[in-house]
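# Per-entry structural report
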Amino acid sequence: MDENAITLSINGRDTTCFVRNAATLLYILREKLGLTGAKPGCLNGDCGACTIDVDGEPMKSCLMLAVEGEGKKITTIEGMKQTTIQSQFIEKFAFQCGYCTPGFIMNCHALIQKHPDATDDMIKNWMESNICRCTGYKEIEDAVKTALRQANQNTDG
Amino acid sequence: MISYDFDYHKPTAIQEALELFQALKKQGKKPVYFSGGTEIITLGRVNELVTDAVIDIKAIPECNTYKQDNRLILGAALTLTNVLDLQSFPFLEKAVAEIADNTARNKITLGGNICANIIYREAVLPLLLTDSRILLASLDGLTEKPISELFHQELQLKDGELLVQVMTDLEAIQLPFYIVKKRRQWGVGYPLITVAALRKQNKVHVAISGLCSFPFRNKQMEDSLNNEQLSIDERIEAALKHIPATVLDDVHGSDAYRIFVLKNTLRDILRVLGGAENDG
Ligand SMILES: Cc1cc2nc3c(=O)[nH]c(=O)nc-3n(C[C@H](O)[C@H](O)[C@H](O)COP(=O)(O)OP(=O)(O)OC[C@H]3O[C@@H](n4cnc5c(N)ncnc54)[C@H](O)[C@@H]3O)c2cc1C
Ligand code: FES
Ligand code: FES
């Protein structure tokens with residue numbers, strides 16, 4: 001199996017690794033780079049457990065080849081430090097087993113960055129990209145809404 | 001994980017992509033154009049799509065075009081999110097907003113949905129109804145054609161032909177439309193059926209996905225729905241006689257249930273978009 005060297009910008013660092021063209025970014029993150037925060041779930045684009053941030057947009061890393069990541073700014077859950085949304089997930093008990101949590105947090109974080117004024121409809125629309133088998137989603141909704149409120153307070157000064 | 005290997009190419013011009021395709025074929029390879037790549041990756045993982053060379057079209061400027069003068073031009077490699085953000089074609093946006101989910105729409109492309117192997121291809125419905133045109137590229141040059149001429153069950157592309165753009169007259173974009181996606185359950189996922197309709201020159205035009213194993217627009221069906229000699233229910237019964245293939249009977253719903261939902265949806269369409277004058 002042929003592998004080529006590519007350079008990916010992940011969590012603010014350029015990383016060169018050898019990848020098969022057919023390898024998904026999810027696989028490379030986990031198996032080659034040891035970044036196991038993005039989780040394999042359905043591997044079919046349905047569950048959102050593998051969600052990362054690519055150039056400010058949430059992206060399902062099982063739907064992306066690693067070679068497509070060249071030249072893009074990739075952030076995984078490992079690159080998120082003390083963000084409001086992370087604290088809010090803890091505050092609001094927005095997880096149980098935690099398997100879906102990195103994916104949810106990456107999606108919520110992108111939403112807050114892109115749409116700090118997100119409406120309820122927009123929050124629902126974005127959150128439908130992720131599935132949780134444990135919580136009732138209410139706690140996750142509370143966490144996002146509180147983080148959004150805090151983001152707005154911060155921008156309001 | 002995709003168990004087989006493939007070459008990955010990312011041309012920056014149409015001609016380069018077309019020549020690459022032919023060169024790879026000459027080497028005995030089976031190249032495919034790779035747009036969002038989501039279908040190639042997901043079907044590839046279960047060996048339902050096998051290729052030894054992909055040609056990523058996302059760096060080709062014409063495939064990323066967005067232009068608006070007397071018509072709207074959308075590049076095939078625009079993501080569904082791009083299409084939504086442009087806010088230029090409400091009917092298409094309404095169809096696209098129901099495809100997959102917000103995150104997946106950041107990767108799935110307009111051209112990928114039109115050329116999909118997966119049977120729904122819901123973005124095609126508004127394009128068929130607005131008599132949109134498509135720009136195709138082959139080594140013979142660029143050809144622009146009405147989508148209705150080339151979309152029969154699926155887009156009829158010659159080997160190596162590339163879908164570059166979709167064009168829609170602004171006049172058609174302004175026409176009143178209706179689109180509804182009925183799912184078995186939940187707010188995300190493939191449709192039980194999706195029915196789209198457009199009112200043009202006092203006639204209702206209809207296109208459907210999820211009823212048969214391909215999306216379609218059918219002239220006889222539309223003639224029946226617009227037959228003012230008949231009551232609404234009679235029009236619908238007459239229209240159903242022109243369903244062009246076997247009605248799907250699968251995990252999303254039985255054939256009988258699909259017909260039941262279709263009848264109710266067509267009734268709503270005739271009520272909302274007119275044509276219901278003769279109901280009695
Ligand atoms: C999570 C998820 C949910 C989905 N839900 C829906 C849904 O609700 N409704 C629906 O209609 N579909 C749905 N789909 C299917 C999806 O729209 C199709 O699989 C579509 O093909 C994906 O687009 P893409 O850009 O990723 O395609 P790709 O994987 O890039 O390509 C798909 C096919 O089209 C060909 N192709 C792509 N672009 C061109 C071009 N410009 N010229 C010639 N050939 C081309 C490719 O060679 C390939 O054969 C869903 C897919 C996913 C992953
Ligand atoms: S593992 Fe990627 S969406 Fe489920
Ligand atoms: S907390 Fe267990 S899947 Fe979400």
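Position numbers for residues count from 1 along each chain, tracking the sequence in the order it is written. Each chain gets a letter, beginning with A, and each ligand a number, beginning with 1, in the order they are written. Given that this is a predicted model, residues contribute local features only at a pLDDT of at least 70 and side-chain atom pairs are listed and counted only at 80 or more, while totals for whole chains, interfaces and linings are drawn from all residues. Calculation of side-chain values draws on the structure's entire complement of heavy atoms; hydrogens and water are dropped beforehand.

### Concerning unusual backbone geometry
Located in the positive-phi region is D55 of chain A, a residue other than glycine, with phi close to 50 degrees. With respect to the helices, strands and loops of the structure, D55 of chain A is situated in the loop between strand 3 (51-54) and strand 4 (57-60). Positive phi outside glycine occurs at Q201 of chain B, with the angle close to 45 degrees. Inspection of the secondary structure puts Q201 of chain B in the loop between strand 12 (193-200) and strand 13 (203-209). Three exposure classes are used, based on accessible area relative to the maximum for each residue type with a 1.4 Å probe and protein chains only: buried under 20%, partly exposed in between, and exposed over 50%. Residue classification places Q201 of chain B among the exposed residues on the basis of a relative accessible area of 71%. A run of H or I in DSSP counts as a helix once it spans at least four residues, and a run of E counts as a strand once it spans at least two, with each numbered from the N terminus.

### Some points on the nonpolar core
Working definition of a nonpolar core: buried Ala, Val, Leu, Ile, Met, Phe, Trp, Tyr and Cys residues. They are joined through side-chain atoms within 4.5 Å. Counting residues in each nonpolar core, the largest one holds 69 residues, and the members touching the most others are L25 and I52 of chain A together with L92, L110, I114 and I134 of chain B. Per-element accounting of this core gives the leading share, five residues, to helix 6 (residues 124-129) of chain B. Pairs of residues are marked as contacts when any of their non-hydrogen atoms sit within 4.5 Å. For I134 of chain B, the contacting residues outside a window of four places in its chain are T143, E144, K145, I147, L150, L155, L163, Q165, V166 and M167 of chain B. Of all hydrophobic cores here, the second largest spans 27 residues; its members include V195, F216, L262 and L273 of chain B.

### Focus on the UniProt feature "domain: FAD-binding PCMH-type" (unreviewed entry) in chain B
The residues that UniProt annotates with the feature "domain: FAD-binding PCMH-type" (unreviewed entry) are residues 1-173 of chain B. Along residues 1-173 of chain B, the helical share is 31% and the strand share 25%, with 42 Å between the first and last C-alpha atoms. UniProt positions are given in the numbering used here, feature names are shortened, and annotations may be inferred rather than shown by experiment.

### Quick notes on the interface of chain B and chain A
Taken together, the 26 residues of chain B in the interface contact 28 residues of chain A. Carbon and sulfur atoms make up 54% of the area that chain B and chain A hide from each other, which totals about 2200 Å². A simple way to read buried area is as the amount of 1.4 Å-probe accessible surface that goes missing from two parts once joined, with both sides added. Contact with chain A buries surface across chain B, with D5, N102 and T103 of chain B losing the most and accounting together for 23% of the total. What makes a salt bridge here is a side-chain nitrogen of Lys or Arg within 4 Å of a carboxyl oxygen of Asp or Glu, nothing more. The interface formed by chain B and chain A holds four salt bridges in total.

### With respect to the site of ligand 1
Taken together, 35 residues lie around ligand 1, and Y33, T38, E39, T109 and E122 of chain B are the ones closest in. Proximity is defined per residue: if any heavy atom of the residue lies within 4 Å of a molecule or strand, that residue is considered near it. Around ligand 1, the neighbouring residues derive from chains A and B rather than from a single chain. Distance and chemistry together define a polar contact, namely a pair of N or O atoms within 3.5 Å, with one atom able to donate a hydrogen and the other to accept it when in protein, and with adjacent residues in sequence counting only for side-chain atoms on both sides. Here an oxygen atom of ligand 1 sits 2.8 Å away from a polar atom, N or O, in the main chain of G36 of chain B. Within the contact set of ligand 1, an oxygen atom lies 2.9 Å away from a side-chain nitrogen or oxygen of N113 of chain B. Working definition of accessibility: Shrake-Rupley area with a 1.4 Å probe, residue cover restricted to the visible protein chains. Starting from 980 Å² of accessible surface for ligand 1 in isolation, the protein chains cover 95%.

### Remarks on the side chain of T83 of chain A
By the secondary structure assignment, T83 of chain A is in the loop between strand 5 (73-75) and helix 2 (84-91). In this structure the side chain of T83 of chain A is engaged in a polar contact, spanning 2.8 Å, whose partner is the side chain of Q86 of chain A.

### A few points about the packing of helix 10 (residues 232-240) of chain B against helix 11 (residues 255-272) of chain B
Residues and elements named next belong to chain B. Direction vectors running N to C along helix 10 and helix 11 enclose 130 degrees, while the axes themselves pass 10 Å from each other. As summarised for this structure, helix 10 and helix 11 are arranged oblique, according to the angle between their axes. Taken as a pair, helix 10 and helix 11 cross one another with a handedness that is right-handed. Together, I232, D233, I236, E237 and L240 of helix 10 and I259, L262, K263, L266, R267 and L270 of helix 11 make up the contact between the two elements. Residues of the contact of helix 10 with helix 11, tallied by class, amount to seven nonpolar, no polar and four charged. Each axis is a line fitted through C-alpha atoms, taken for helices only over the stretch in contact, and angles between the N-to-C directions span 0 to 180 degrees. Any angle from 65 to 115 degrees is called roughly perpendicular, while one under 35 is roughly parallel, one over 145 is roughly antiparallel, and all others are oblique. Crossings are classed by handedness, with left-handed meaning an anticlockwise turn of the near helix from the far one by less than a right angle and right-handed meaning a clockwise turn. Charged residues are taken to be Asp, Glu, Lys and Arg, nonpolar residues to be Ala, Val, Leu, Ile, Met, Phe, Trp, Tyr, Cys and Pro, and polar residues to be all remaining types, Gly included.

### Points about the sheet that holds strand 5 (residues 71-75) of chain B
Sheet strands pair via backbone hydrogen bonds, and the direction of the pair is either parallel or antiparallel. All names here are of chain B. The strand order 4-5-10-6-7 describes an open sheet built from five strands, whose pairing is antiparallel. The sheet is open, and its two edges are formed by strand 4 (66-68) and strand 7 (141-146), each paired on a single side. Neighbour-to-neighbour, the strand axes of the sheet open up by a mean angle of 20 degrees, direction not taken into account. Two strands are counted as paired when DSSP detects at least two bridges linking them. With three bridges joining them, strand 4 and strand 5 adopt antiparallel strand pairing. For K67, the partnering residue across the bridge sits in strand 5 and is I73.

### Considerations on the domain arrangement of chain A
Residue and element names in this part refer to chain A. Note that domain bounds follow an automatic or database assignment of domains. Assigned domains of chain A: these are domain 1 (4-79) and domain 2 (84-156). Between domain 1 and domain 2, the residue contacts involve 17 residues of the former and 13 residues of the latter. Of the roughly 1200 Å² buried where domain 1 meets domain 2, counting both sides, 61% is carbon and sulfur surface. Ranking the residues of domain 1 by area buried against domain 2 places T51, P58 and I77 at the top, with a combined share of 36%. On the surface where domain 1 and domain 2 come into contact, there are one salt bridge. Across the domain 1-domain 2 interface, the total number found is five residue pairs in polar contact (both at pLDDT 80 or more). Mapped by element, the contributors of at least two residues to the side of domain 1 that touches domain 2 are strand 3 and strand 4. Considered class by class, the residues forming the side of domain 1 that touches domain 2 number six nonpolar, six polar and five charged.

### What about the pattern of salt bridges?
Using the criterion set out here, one finds 27 salt bridges over all chains in the structure. One salt bridge in this structure joins D131 of chain B and K200 of chain B, with 3.4 Å as the shortest N-O distance. Taken together, the residues span a long stretch of sequence, with D131 of chain B in the loop between helix 6 and strand 6 (133-138) and K200 of chain B in strand 12 at a distance of 69 residues. Among the residues examined, K200 of chain B registers a relative accessible area of 31% and is labelled partly exposed. In this structure, R258 of chain B and D250 of chain B form a salt bridge, with 3.1 Å as the shortest nitrogen-oxygen distance. Exposure remark for R258 of chain B: the relative accessible area of 0% places this residue in the buried category. Put simply, E68 of chain A together with D56, K58 and K107 of chain B are held in one network by salt bridges that share partners.

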